[in-house]
Amino acid sequence: MWLCCDAGVVWQTTYAWITSILAVMGVMQKGRMPFKDFLFVDISKEIQDLVRLCLSWDRECRPSVADIVEILWSQTNVAETMKAMLSQLQVTVTQISQAVLMKCDYHRDGLDVLDTTLKCKWVVHGSSETEVAVKTLRGNVNSQNDITKIINRIRREIYVRDRLRHKIILALYGMAEGFGILPSFVYQWMENGSLHDYMKREYINLSARRKLDILLEVAHVHKQDIAHGNLTGDNVLLDGSGRVRIADFSHSIILAEADSRMFSKQFPGDARYTAPEFTFTGARKGAPKPTKEGDVYSYGCIAILVLSGKVPYWWISEESQVLSEKEKGTPPFHPTIEIGEVYLNLVQQCLSTEKSRLSIEKVIYLVLVQSFGAVDLTNSVQRPKRSPACGGYANVHKCKLYQRDIGAVQQVVFCHQFLPCADVAVKEINVRVKTY
């Protein structure tokens, strides 16, 4: 048995002043304590009482393991423990002093609050000011295991972000202390808030084209080599100009490193947006790793929010009931009420079974087609095995357009042709996405 004093560390074996085992047995029979009283000088009274109870000769007086854990946890300084563990993170993040973060006082309570996020001004070099969002981590901290989970989420958030380079990613400036027991992230301020709140305010004023523009921007996060793992209406944000930014990468994995220790632990996502295969894991313990297919399902739920103005399963308030309905196979929307028929195909394909869901490339294609009011002819165009470039352009191909699934254009193309197919030119569109 060892004793550790909390005012410096002093290690001492039991009955250290006795060298003979027989003598130790003798003093034990006399009820002597295994430590001398001077060793308890720098230990709190609560711990001293705990030690004495543990050493009691009466079994009934000894505390249970649960009691011991509870007493030891009550002596833990969560903030200091967090600070010590963060200093050992194997990732780099800028530490921002609370002294240079000024809380905005636009509201009567002295704070401009976006959900649980504080709007602050970051004063740089004593004069320059930048509006930032200070988001304090939330979670129950009732044990050392809870602290470890939070640390793992922080580590993953920073690690994944460090490997992403795209303007759609919400900028992380650093971390700060002093806004609560748990540490806080300092992000770029998003004037229009979350997509969820934005749709509440602006849905009635948004054109169909604007809604599709939002969906197209959200889809580009999947062009990165990651699976986000928690894509929701609260993790999609909009700046003052209405441009989309994606937040919360604490559930994400980098696909090329999916088997690394960094991504060994998984965290459940929002029940309304999570794919069914991640909600019902059977005999498996813990949440499975995020996948591209799971993100596509979440994207379909984002599409419900944008196209209908309502969250998935909007008619259900309790998360537990959402899970129950999802297990029954209840879809997260009412197709005849909330979403126009023209967009129904996109949403349904995103929400289909895991193996039959669209790729993100196909999702982007469908959004683009609908944005320009075009007709999807994918299943009607056949490219010859040997299709040389023609027309003097490198990415134009001569193809056959057949009378399959093209009712809307059949009259245009075949009106004056009595053939089962027509020769057409297919032009590839190459878009170069600039990364930052």
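For the structure, see preceding data.
Procedures and definitions
Residues numbered from 1 in each chain as written. Predicted model: local features only at pLDDT ≥ 70, side-chain atom pairs only at ≥ 80, totals over all residues. Heavy atoms only, no water. Helix = DSSP H or I, 4+ residues; strand = E, 2+ residues; numbered from the N terminus. Buried < 20%, exposed > 50% of the residue type's maximum accessible area, 1.4 Å probe, protein only. Contact = heavy atoms within 4.5 Å. Areas by Shrake-Rupley, 256 points an atom, 1.4 Å probe, with all protein chains shown as cover. Phe/Tyr/Trp six-rings, centres within 6.5 Å; stacked < 30°, edge-to-face > 60°. Lys NZ or Arg CZ within 6 Å of the ring centre and 35° of its normal. Axes fitted to C-alpha atoms, helices over the stretch in contact; angles between N-to-C directions. Parallel < 35°, antiparallel > 145°, perpendicular 65-115°, else oblique. Nonpolar A, V, L, I, M, F, W, Y, C, P; charged D, E, K, R; others polar. Polar contact = N/O pair within 3.5 Å; in protein donor to acceptor, adjacent residues only side chain to side chain. Expected span 1.5 Å × (residues − 1).

(A) Seen up close, the overall build of the chain. Secondary structure assignment for the chain yields 13 helices and 13 strands. The burial tally for the chain puts 41% of its 436 residues in the buried class. Of the contacts made within the chain by residues no fewer than 6 positions apart, 59% connect residues no fewer than 24 positions apart. Carbon and sulfur atoms form 53% of the exposed surface of the chain, whose accessible area is close to 25300 Å².

(B) The arrangement of the packing of aromatic side chains in detail. For the coordinates displayed, the defined rule picks out 4 aromatic pairs. Residues Y313 and W315 carry aromatic rings whose centres are separated by 5.8 Å and whose planes lie at 55° to one another, so their mutual orientation is tilted. Here Y313 falls in the buried class, since its relative accessible area comes to 1%. Ring geometry for W314 versus W315: centroids 5.9 Å apart, planes at 85°, classification edge-to-face. What makes W315 partly exposed here is its relative accessible area of 32%. One aromatic cluster is present, built from ring pairs that chain together Y313, W314 and W315. We note R163 situated over the ring of Y159; from NZ or CZ to the ring centre the distance is 3.5 Å. Across from the ring centre of W314, 4.1 Å away, lies the NZ or CZ of K310, which sits over that ring.

(C) Summary view of the packing of helix α6 (residues 195–202) against helix α9 (residues 292–308). Where α6 contacts α9, the two axes come as close as 9 Å, and the packing angle between them is 20°. Between α6 and α9, the angle falls in the class roughly parallel. Packed against α6, whose contacting residues are L195, H196 and M199, the element α9 presents I302, L305 and V306 at the interface. Taken together, the residues of the contact of α6 with α9 sort by class into 5 nonpolar, 1 polar and no charged.

(D) A look at the side chain of S184. Tracing the backbone through its elements, the reader meets S184 in strand β6 (residues 184–188). When its relative accessible area of 0% is taken as the criterion, S184 is described as buried. Among the polar contacts made by the side chain of S184, one reaches the side chain of T136 at a distance of 2.8 Å.

(E) Layout of the side chain of E325. Along the chain, the position of E325 falls in helix α10 (residues 319–328). If near-sequence neighbours (up to four positions away) are discounted, E325 is found in contact with Y313, I316 and T330.

(F) Region of interest: α9. Between its first and last C-alpha atoms α9 spans 24 Å; for 17 residues at 1.5 Å apiece the expected length is 24 Å, and the two agree. Of all 17 residues in α9, 15 are buried; the element is thus mostly enclosed. Taken from the residues just after α9, G309 is the one with a positive phi, measuring 80°.

Purely geometric stuff here, so don't read any function into it on its own.
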